[in-house]
Amino acid sequence: TMAKPKGYVIYDGPSRLDGKPVIAILTLESANIKTGNMAQLWIMARDEAPHIAKKNGNDSSVCGNCPIKEGCYLDLSKAPLAVWKGFHRGIYSPIQWGKTDLSYFVRYGAYGDGAALPLWIVSALARNAKDFTGYTHQWKRFKSMNKFFMASVESEKLAIQAQGKGFRTFRVRAPGSALLPGEIECLSSAGVQCIDCRLCNGSKQARNISIEAHGARKGAIAYV
């Protein structure tokens, strides 16, 4: 039998955010305690290692104008770099739409914003996955993402704006502050893994979700 692939090249082409070359790699197994064993989508600049791209200010192809880029909790020189190097070594198989089995629980954006990918790619992956979760900071620019992703917001004002554009919202709030009407606390606070919850799928009829700021991001977020 053929060895199980480590992952797939889902996309290799221009970013929808700024037209520069990006790659999207779906890795099939994860030891992430918070998400559980979901397939993880990594969206990265193609020609520059992720931590270097960030340092040089070239991460807007994959992160857009994300307001918490500076407080990003991800260490880009660890897992993202390993995946990026793996792509350049050729360890991931190119996706064959219609043939490749993609019946996984997919997390869009282990790194990078799903809105950086062409809509047909986002849609094809969503259609083939068992289920998925995803977030976008590009909700003002790409309203069509509301069928897939939660709008990622850092304030009550932005939550209300995004909801007005037809998005469900995932709001990071100041520690100790209250939930808005229609919001529930992210179940990860109670130890539930994303793979078992899966409410952060923009296509679902469910409540908006909020979590208290945690980890490295706590001091880096302006709750405007």
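Placed above this text is the structure.
These numbers were taken from a predicted model, which means no experiment stands behind them.

Procedures and definitions
- Residues numbered from 1 in each chain as written.
- Predicted model: local features only at pLDDT ≥ 70, side-chain atom pairs only at ≥ 80, totals over all residues.
- Heavy atoms only, no water.
- Helix = DSSP H or I, 4+ residues; strand = E, 2+ residues; numbered from the N terminus.
- Rg over C-alpha atoms; globule rule 2.2 N^0.38 Å.
- Buried < 20%, exposed > 50% of the residue type's maximum accessible area, 1.4 Å probe, protein only.
- Polar contact = N/O pair within 3.5 Å; in protein donor to acceptor, adjacent residues only side chain to side chain.
- Pairing = 2+ DSSP bridges.
- Contact = heavy atoms within 4.5 Å.
- Axes fitted to C-alpha atoms, helices over the stretch in contact; angles between N-to-C directions.
- Phe/Tyr/Trp six-rings, centres within 6.5 Å; stacked < 30°, edge-to-face > 60°.
- Lys NZ or Arg CZ within 6 Å of the ring centre and 35° of its normal.

## Observations concerning the overall build of the protein chain
Thinking step 1. On a plain count of helices and strands, the protein chain comes out with six helices and eleven strands.
Thinking step 2. Taken over C-alpha atoms, the radius of gyration comes to 17 Å for the protein chain, in line with the 17 Å a tight globule of 224 residues would show.
Thinking step 3. With the C-alpha coordinates of the protein chain rotated into their principal frame, the extents come out at 50 × 35 × 30 Å.
Thinking step 4. Counting across all 224 residues of the protein chain, residues that qualify as buried make up 51%.

## Some words on the side chain of Thr 136
Thinking step 1. You can see Thr 136 is positioned in strand 7 (residues 135-136).
Thinking step 2. Within polar-contact distance, the side chain of Thr 136 engages the side chain of Asp 113 at 2.8 Å.

## Remarks on the sheet that holds strand 7
Thinking step 1. Across the sheet, which stays open at both edges, the five strands sit in the order 7-8-9-11-10 with parallel pairing between neighbours. The sheet terminates laterally at strand 7 and strand 10 (183-185), the two strands that pair on one side only.

## Concerning the sheet that holds strand 1 (residues 7-14)
Thinking step 1. The sheet built from six strands is open, its strands ordered 4-1-2-3-5-6 with mixed pairing. Edge positions in the sheet fall to strand 4 (93-94) and strand 6 (131-133), since each has one partner strand and no second.
Thinking step 2. Where strand 1 lies against strand 2 (residues 21-27), seven bridges are found, and the strand directions are antiparallel. Paired with Tyr 8 across the two strands is Leu 26, which belongs to strand 2.
Thinking step 3. Strands in contact with helix 3 (residues 79-89) are strand 1, strand 2 and strand 3 (39-45); relative to strand 3, the strand with the most contacts, it is inclined by about 75 degrees.
Thinking step 4. Packing against the sheet, helix 4 (residues 119-128) makes contact with strand 1, strand 2, strand 3, strand 5 (105-111) and strand 6, and its axis sits at approximately 145 degrees to strand 5.

## Things to note about the packing of aromatic side chains
Thinking step 1. Scanning the model with the defined rule gives five aromatic pairs in all.
Thinking step 2. A centroid spacing of 6.1 Å and a plane angle of 70 degrees characterise the contact between Trp 97 and Trp 120, whose relative ring orientation is edge-to-face. Of this pair, Trp 97 sits in the loop between strand 4 and strand 5 while Trp 120 sits in helix 4, and the two are 23 residues apart along the sequence.
Thinking step 3. Aromatic pair Tyr 108 and Phe 132: ring centres 5.5 Å apart, planes at 80 degrees, arrangement edge-to-face. Of this pair, Tyr 108 sits in strand 5 while Phe 132 sits in strand 6, and the two are 24 residues apart along the sequence.
Thinking step 4. A cation sits over an aromatic face here: Arg 16 above Phe 142, 4.1 Å from the ring centre.

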